[in-house]
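Inside the fold
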Amino acid sequence: MTESIRTQVGIIGGGPSGLLLSQLLHLWGIDSVVLEKHSRDYVLGRIRAGVLEHSFAELMREAQVGARMDREGQIHEGFFIAHGGVRHRIDLEKLTGGKTVMVYGQTELTRDLYEARDRLGGLVIENAADVRPHDVETAHPYISYRQGDETLRVDCDFVVGCDGYHGVSRQSIPKDRIQTFEKIYPFGWLGVLSRTPPVSAELIYATHERGFALCSLRSATLSRYYVQVPLTDSTDAWSDERFFDELRCRLPPEVATAMITGPSIEKSIAPLRSFVVEPMRYGNLFLAGDAAHIVPPTGARGLNTAASDIYYLYHALVDHYTGGDDSGLESYSSRALARVWKGQRFSWWMTKLLHRFPDDSAYDQSLQHTELDYLFSSERALASLAENYVGLPF
Ligand SMILES: Cc1cc2nc3c(=O)[nH]c(=O)nc-3n(C[C@H](O)[C@H](O)[C@H](O)COP(=O)(O)OP(=O)(O)OC[C@H]3O[C@@H](n4cnc5c(N)ncnc54)[C@H](O)[C@@H]3O)c2cc1C
């Protein structure tokens, strides 16, 4: 070890969770260092989430990174579910007594967080290789990493693993100290980003006998479209033309006709998976965001659940450093998991409601139709959907 940095909170992972935590802690005078294995350009090149819950948007403002989101993000008061060729509008604002969601791309939000960390002199170490947490069972944990030929270390009071599903933090916990819960779905989402005006000002989730489709957007000039595909498919097999033909086929005719298409600027297949690890703490190592749990994107819970973890952990760390109160740290895992599981339930329910499962029998399919018919005929069922979509309270 040639060089050592001392900080209060060592954060592994410079995605939205790690950067947001670092920014919030900074505003309370708590020092942190973020270690990111990729370059900033790589992190900002990933096209992912786009729908922010009301409470997440509030947290961004609290972190003093909400100005561009408030200028450029779009408030959505509802969305559509298309079934049997008919669009049904879910009026979020009416059904929840005034709550809405914010459409603002994860890429933009991450860029805002990086810029805020730069402005305040926050330390985000990019291209950190072989990042590893050590001695997290003790009061003196540290993180080692490599840059070029040099091995360096960050000494800290707490390590926070914000390094996503494939990160090193969760993997460093002994297997007999955690329990994992997992569900793998037999399909993925093929997503296309195109610089075209979105076909609808509000999202359209479509269920069809050929499979699920989603018309989403990032801005007034950037559309994000998805179709359900088998896991065996690769993007090579999907020209833009084939993609848009398939998408149109799964949408109500008036939507398909109105769609303006253009060349894809990004195309990828995301497998659908649900995963939770319990507990979200091992000694002085805390897990947050995708490092501890992931959901299928149906229902837009992934990034939003990461934000609620950060909310609980940030308050717990502030209480520890400003008042010597450790009760928030003690209860972090159980509080976060209570909300995580509600997000898991909702994502599973939306996925089951809207996708075509290859092994479904005629009975399963009739139940799915009945569930949709019931939903559109019951204000109470719609209110439950809306309550979960705008986000349960932190
Ligand atoms: C293809 C895709 C589409 C998605 N679409 C949606 C959506 O539509 N709606 C939604 O709500 N959610 C969506 N999600 C989920 C959402 O993007 C995640 O929930 C969100 O990114 C979680 O943020 P995070 O910071 O916890 O993890 P991540 O964004 O994964 O960030 C983790 C960071 O840690 C870094 N890292 C990993 N390993 C190491 C290491 N060993 N050392 C140092 N750094 C490391 C990574 O490079 C990364 O920058 C999607 C996810 C994927 C993969």
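Please read all numbers here as calculations on a predicted model, not as lab measurements.

Conventions we followed
Residues numbered from 1 in each chain as written. Predicted model: local features only at pLDDT ≥ 70, side-chain atom pairs only at ≥ 80, totals over all residues. Heavy atoms only, no water. Helix = DSSP H or I, 4+ residues; strand = E, 2+ residues; numbered from the N terminus. Buried < 20%, exposed > 50% of the residue type's maximum accessible area, 1.4 Å probe, protein only. Contact = heavy atoms within 4.5 Å. Phe/Tyr/Trp six-rings, centres within 6.5 Å; stacked < 30°, edge-to-face > 60°. Lys NZ or Arg CZ within 6 Å of the ring centre and 35° of its normal. Near = heavy atom within 4 Å. Polar contact = N/O pair within 3.5 Å; in protein donor to acceptor, adjacent residues only side chain to side chain. Areas by Shrake-Rupley, 256 points an atom, 1.4 Å probe, with all protein chains shown as cover. Nonpolar A, V, L, I, M, F, W, Y, C, P; charged D, E, K, R; others polar. Arc of directions from axis to C-beta. Axes fitted to C-alpha atoms, helices over the stretch in contact; angles between N-to-C directions. Left-handed = near helix turned anticlockwise from the far one by under 90°. Pairing = 2+ DSSP bridges.

Our focus in this paragraph is the environment of S264. The topology assignment puts S264 in strand β18 (residues 264-278). For S264, a relative accessible area of 23% puts it in the partly exposed group. Separated by 21 residues in sequence, S264 and F243 have C-alpha atoms that sit 9.8 Å apart. Apart from the residues lying within four places of it in its own chain, the contact partners of S264 are V192, L193, S194 and D240.

Of note, the amide linkage connecting E278 to P279 takes the cis form, showing an omega dihedral of -10°. Mapping P279 onto the fold places it in the loop between β18 and β19 (281-282). In this structure, D135 is a non-glycine residue whose phi angle is positive, near 50°. Within the fold, D135 resides in the loop between β10 (129-134) and β11 (142-147). When its relative accessible area of 39% is taken as the criterion, D135 is described as partly exposed. The phi dihedral of A300 falls on the positive side, at around 55°, and the residue is not glycine. Along the chain, A300 turns up in the loop between β21 (293-294) and α10 (302-323).

To continue, consider the packing of aromatic side chains. Under the defined criterion, the tally for this structure stands at 19 aromatic pairs. Both rings, one in F181 and one in W341, keep their centres 5.4 Å apart while their planes meet at 85°; by these two values the pair is edge-to-face. With a gap of 160 residues between them, F181 in strand β14 (residues 179-194) and W341 in helix α11 (residues 327-354) connect regions that are remote in the sequence. Above the face of the F80 ring, R87 is positioned so that its terminal group lies 5.0 Å from the ring centre. Between the NZ or CZ atom of K352 and the centre of the ring of F357, over which it lies, the distance is 4.4 Å.

Turning to the site of the ligand, a few remarks are in order. As a structural note, the neighbourhood of the ligand is formed by 28 residues, with S17, E36, R46, Q106 and D290 the closest of them. P16 has a polar backbone atom sitting 3.3 Å from an oxygen atom of the ligand. Within the side chain of R46, a nitrogen or oxygen atom sits 2.7 Å from an oxygen atom of the ligand. Protein chains bury 86% of the 990 Å² of accessible surface belonging to the ligand in isolation. Every element with two or more residues in the shell around the ligand is listed here: α1 (16-27) and α10. Grouping the amino acids of the shell around the ligand by side-chain chemistry returns 11 nonpolar, 10 polar and 7 charged.

The subject of this paragraph is helix α8 (residues 240-249). Taken together, the buried positions of α8 are occupied by F243, F244, E246 and L247. Down the axis of α8, the smallest arc covering the buried residues is 160°, so these residues share one side. Tucked into the core, α8 has its buried residues touching β14, β16 (213-219) and β17 (222-230).

Below, the discussion takes up the packing of α1 against helix α6 (residues 106-119). Closest axis-to-axis distance for the α1/α6 pair is 10 Å, and the angle between their directions is 35°. Crossing of α1 against α6: the hand is left-handed. The residues of α6 that touch α1, namely those facing P16, L19, L20, S22, Q23 and H26, are Q106, L109, T110, L113, Y114, A116 and R117. Across the contact of α1 with α6, the residue classes break down as 7 nonpolar, 5 polar and 1 charged.

Take the sheet that holds strand β1 (residues 3-6) next. Spatial ordering of the open sheet is given by β1-β12-β11-β10, a layout of 4 strands whose pairing is mixed. Sheet topology places β1 and β10 at the edges, where each strand pairs with a single neighbour. Mean inter-strand twist for the sheet, computed between neighbouring axes without regard to direction, equals 20°. By the bridge criterion, 4 bridges tie β10 to β11 in an arrangement that is antiparallel. Along β11, the bridge assignment pairs A129 with R146.

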